[in-house]
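# Overview (structure and organization)
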Amino acid sequence: MIPRVTGFLHGGDYNPDQWLDRPDILEKDIELMHAAHVNCVSVGIFSWALLEPEEGRYDFKWLDEVIDRLYKGGIYVILATPSGARPAWMAQQHEEVLRVNGQHQRMHFGHRHNHCLTSPYYREKVRQMNTALAQRYADHPAVIMWHLSNEYSGQCHCPLCQQAFRDWLKEKYGTLENLNKKWWTTFWSHRYTDWAQVEAPSPMTDTSNLSMLVDWQRFTSWQCKTFIDNERESVQSVTPKLPCTANLMERFWDYDYFSLAESMDIVSWDSYPEWHNADNVAEAADFAMNHDIMRSLKKQPFLLMESTPSQVNWKPHNKLKRPGMHLLSSLQAVAHGSDSVQYFQWRKGRGGVEMFHGAVVGHDGTGDTRVFRDVTQVGMALEKLQSAVWQKPIKPEVCILFDWENRWAIDFAQTGQMGNMRYFDTVNMHYRALWEKGVSVDFCDMRACTDLSGYKLVIAPMLFMLRNGMEDKLHAYVENGGALVMTYFSGVVDEYNLAYLGETPHGLTDVLGIKTLELDALYPGQGNALVTENGRYEIGELCELIAPQGAKVLGTYESDFYAGDAAFTHHAFGKGQSWYIAAKLSQEGLNAIYGDVIKQLNLAVALQTKLPAGVVTTRRGECIFVQNYTDQAQRVTLDGAYTNLLNDEALQGTCTIAPFGVWVLKK
Ligand code: GLA
Ligand code: ZN
């Protein structure tokens, strides 16, 4: 993936530009990097003010020096384009680079990540800067990759963006008549008679048009993609050899990451779990899924671009990682497909809001700290795992449909649990039932999943918006032998966010052998239960009433006026089969259902053994990562003889894994 690299990357964001008056720091840092088994740093992420101190005058001398010295020290460089934060002179002279918020106020200079995505001036300045950087450094032997900007995010409501939105709509809908139809604008007398009347949704304008809301998300996502394309083309037109990445974020809502990933060569992301809070296992399930989504965006290994070596500075409670957790959480990323462990940040600065953010090197400037030793341990572990794990693929038999447009549509829908339909959490609950059993999972969105036939099981939780003929793909998949799990609130609207007419789930009632009738939302604290042959499982939040039309009823509601009615069904269709879960089931209920499904479909699990609660296994290549997310030692019975590659210890039978311990086993 990265031509100049032959193993795991270990390192992180480095800001030598904050220490130009202290050349000794760079020297010391290179020494410390070696001691910590660090081989790679990302530089220049927020350096625009130094790189172009006044308009048109570039100063690259300091960066030449930094990159040369890192190279001589044997450290790879990921070089950033500096568009994540602009110099003050630019904001002063060219107001259009500043973002306008949903209240229609133009921001003043300050902060970061707050530029207008449309501004032609800003795009041109970025292009010029990137071209100059590429001409100077793309062939430098230290430089392995481009880090485009930093954590792209947000929306802008300036006049330029409003016009760009209208242009995008014109291109999509052709005529205003068509737009009025697809946006159902007769509702509340919102018919447009002039394109100029169309304004982006915001608290100042309109948030009542659900079709427009989704289109605005699509537009801003696309606008960000074109911004990335401009950045990428500017560096790769100088030399196409260097791959590009952009660091993505967890549970990110603003943009469709499946689409953004098309504009980069490698996916990377910034992972900041909240360990040692309420429930480490839930947190681990959440972040396992985040990693798997990142791997799925391009179906190839990704890079963990940022993580903290100890604590962050921006959470309400900035807790330290307890002993063991740094190695465990770093290797969790690797287990799910990362080819790096990178940190924010290598060294703490003296000022600014991030001066107390965890760093490999603190204000004491030494390697004699607990955090430094933790980081060194990860560096050594990565070296040990190199031949068995680096670049090795993960080959899941299960695919979860997770779709950004569906997510937006669900969040905007005014029904059920208003504004709290919990799509992401629900997907995570289905995921967790498999993750706890050591079953690998891919994610796919509705546009990207052209062929599902390679999967034994497809899970489509809350597929509210069925787009791009997805019903036909699912139909064919099951007909040809696939197994499908679907849930309440599916197949309700089309890609314009208009309700399907007729029976729902749209186009899938024959596959599922049911049709839906009504959706009941329970008040907080209220519940129902699913009663099956094998047990009783809690239900909360949402209960859909369904009518079986050929499906076998496997479970019914326990109480309320629909007591005894179908809540969980199975249907044989074509050469395949489907299950329908009509209510928001507890994790325990989902675990029970998926436990049966795994057995029935004979899905591959990482380890053939019953694991203690909080211990999970993940397979990558030939290796099995055994991870203990509890603060207690646990007894694990292995299904064969293994070597723990981290310390070359032979393990078999029943063995004890330390609190927050991790093994990487190979047969
Ligand atoms: C983000 C940013 C970094 C830094 C870290 C702090 O991920 O990309 O620049 O601010 O957060 O955790
Ligand atoms: Zn704008």
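Treat the numbers as computed from the prediction; the structure is a model and nothing was measured.

Of the regular secondary structure elements, the protein holds 17 helices and 26 strands. Its C-alpha atoms give the protein a radius of gyration of 26 Å, within 12% of the compact-globule value 26 Å for 667 residues. Scored against the burial criterion, the 667 residues of the protein give a buried share of 62%. A sequence separation of at least 24 residues applies to 72% of the contacts in the protein between residues at least 6 apart. Per element, the accessible surface of the protein, about 25,700 Å² overall, is 50% carbon and sulfur. The averaged location of the 79 negative side-chain charges in the protein is 4 Å from the averaged location of its 61 positive side-chain charges.

Judged by pairing direction, the sheet is parallel, and its eight strands sit side by side in the order 7-6-5-4-3-2-1-8 without closing on themselves. Two strands in the sheet have a free side with no partner beyond their single neighbour: strand 7 (303-306) and strand 8 (340-343). Averaged over all pairs of adjacent strands, the angle between their axes in this sheet comes to 30 degrees, without regard to strand direction. In this structure, strand 1 (residues 9-13) lies alongside strand 2 (residues 40-43), joined through three bridges in parallel fashion. Its bridge partner being in strand 2, D13 is matched across the sheet by S42.

What follows is about the sheet that holds strand 23 (residues 642-644). Overall, antiparallel pairing links the five strands, which are arranged 20-21-26-23-24 in an open sheet. Each edge of the open sheet is held by one strand with a lone partner, namely strand 20 (615-620) and strand 24 (649-651). Strand after strand, the sheet turns through a mean of 30 degrees between neighbouring axes, direction not considered. The sheet contact formed by strand 21 (residues 623-628) and strand 26 (residues 662-666) spans four bridges and is antiparallel. What sits directly across from F625, in strand 26, is V664.

For the rest of this paragraph, the subject is the coordination of the zinc ion (ligand 2). Protein coordination of the zinc ion (ligand 2) is provided by C116 (SG), C156 (SG), C158 (SG) and C161 (SG), with donor distances spanning 2.3 Å. The sequence pattern describing where the donors of the zinc ion (ligand 2) fall on their chain is C-x39-C-x1-C-x2-C. Within this pair, whereas C116 is found in the loop between helix 4 (88-93) and helix 5 (120-137), its partner C161 is found in helix 6 (residues 159-173), the two being separated by 45 residues in sequence. Overall, the relative accessible area of 0% leaves C116 in the buried class. Accessibility expressed as a relative area gives 3% for C161, which makes it buried.

Counted under the stated rule, the structure contains 33 aromatic pairs. For the ring pair Y272 and W314, a centre distance of 5.6 Å and an interplane angle of 80 degrees mean the geometry is edge-to-face. Residue Y272 is found in the loop between strand 6 (266-270) and helix 10 (280-298), and its partner W314 is found in the loop between strand 7 and helix 11 (325-335); the two are separated by 42 residues along the sequence. Under the relative-accessibility criterion, Y272 is labelled buried at 7%. Here the aromatic cluster, defined as three or more aromatic residues joined through ring pairs, consists of F252, Y255, Y257, F258, F402, W404, Y423, F424, Y431 and F443. We note K182 situated over the ring of Y496; from NZ or CZ to the ring centre the distance is 4.9 Å. Directly above the ring of W19 sits R347, whose terminal nitrogen or CZ lies 5.8 Å from the centroid.

Each domain of the protein was delimited in the assignment, giving domain 1 (9-158 + 221-389), domain 2 (398-601) and domain 3 (615-666). Between the C-alpha centres of domain 2 and domain 3 there is a distance of 34 Å. Summed over both partners, the interface of domain 2 with domain 3 comes to about 330 Å²; 52% of that surface belongs to carbon and sulfur atoms. Broken down residue by residue, the surface that domain 2 buries against domain 3 is led by W435, G438 and S440, which jointly contribute 84%. In this structure, the connection of domain 2 to domain 3 is made through zero salt bridges. Counting across the domain 2 and domain 3 interface gives zero residue pairs in polar contact (both at pLDDT 80 or more).

The subject of this paragraph is helix 12 (residues 370-389). Across its 20 residues, helix 12 extends 27 Å between first and last C-alpha, which sits within 8% of the 28 Å expected from 1.5 Å per residue. Along helix 12, the sharpest kink reaches roughly 30 degrees, centred on E383. When we look at burial in helix 12, the residues that qualify are V371, F372, D374, V375, T376, V378, G379, A381, L382, L385, A388 and V389. Taken from the residues just after helix 12, Q391 is the one with a positive phi, measuring 65 degrees.

This model, assessed by the stated rule, comprises 41 salt bridges. Between D425 and R251 there is a salt bridge; the shortest N-O distance is 2.8 Å. You can see D425 sitting in helix 14 (residues 423-435) and its partner R251 sitting in the loop between strand 5 (244-249) and helix 9 (257-260), a full 174 residues away along the chain. We classify R251 as partly exposed; its relative accessible area is 30%. For D403, the salt bridge goes to R467, with nearest N and O atoms at 3.0 Å. Highlighted residues: D403 in the loop between strand 9 (398-401) and helix 13 (404-412) and R467 in the loop between strand 11 (457-460) and helix 15 (470-479), separated in sequence by 64 residues. When its relative accessible area of 1% is taken as the criterion, D403 is described as buried. On the basis of relative accessible area, R467 is assigned to the buried category, the value being 3%.

About the cut-offs
Position numbers for residues count from 1 along each chain, tracking the sequence in the order it is written. Whichever chain is written first is A, and whichever ligand is written first is 1; the rest continue in order. Owing to the predicted nature of the model, reporting of local features is limited to residues with pLDDT of at least 70; listing and counting of side-chain atom pairs is limited to 80 or more, with chain, interface and lining totals taken over all residues. Just so you know, side-chain values use all the structure's heavy atoms and leave hydrogens and water out. A run of H or I in DSSP counts as a helix once it spans at least four residues, and a run of E counts as a strand once it spans at least two, with each numbered from the N terminus. Atoms considered for the radius of gyration are the C-alpha atoms alone. The globule rule reads 2.2 Å times the number of residues to the power 0.38. Burial classes follow relative accessibility: with a 1.4 Å probe on protein chains only, a residue under 20% of its type's maximum area counts as buried, one over 50% as exposed, and anything between as partly exposed. By the convention used here, residues are in contact when the closest approach between their heavy atoms is within 4.5 Å. Note on areas: these come from Shrake-Rupley sampling with a 1.4 Å probe, and a residue is covered only by the protein chains present in the view. His is not counted here, nor are the chain ends, while Lys and Arg score as positive and Asp and Glu score as negative. By convention, the point assigned to a charge is CZ for Arg, NZ for Lys, CD for Glu and CG for Asp. Two strands form a pair only when DSSP identifies at least two bridges running between them. Fitted lines through C-alpha atoms give the axes, limited to the stretch in contact for helices. The angle between two N-to-C directions lies from 0 to 180 degrees. In this analysis a donor is any N, O or S atom within 2.8 Å of a metal ion (3.2 Å for sodium, potassium and calcium), and since water is not included, sites may seem incomplete. A pair of aromatic rings is counted whenever rings of Phe, Tyr or Trp (Trp by its six-membered ring) have centres within 6.5 Å, and the orientation is called stacked for planes under 30 degrees apart, edge-to-face for over 60 and tilted otherwise. Whether a charge sits over a ring depends on NZ of Lys or CZ of Arg being within 6 Å of the ring centre and within 35 degrees of the ring normal. All the domain ranges listed were derived from an automatic or database domain assignment. Summed over both partners, the accessible surface that disappears when two parts come together, traced with a 1.4 Å probe, is what is meant by buried area. Salt bridge criterion: a side-chain nitrogen from Lys or Arg within 4 Å of a carboxyl oxygen from Asp or Glu. Each polar contact in these results corresponds to two N or O atoms within 3.5 Å; when the atoms are within protein, one needs to be able to donate a hydrogen and the other to accept it, and residues that are neighboring in sequence are counted only if both atoms are side-chain atoms. Here, expected helix span is obtained from the residue count minus one, scaled by 1.5 Å. A residue's bend is the angle separating two fitted axes: one through the seven residues that end there, the other through the seven that start there.

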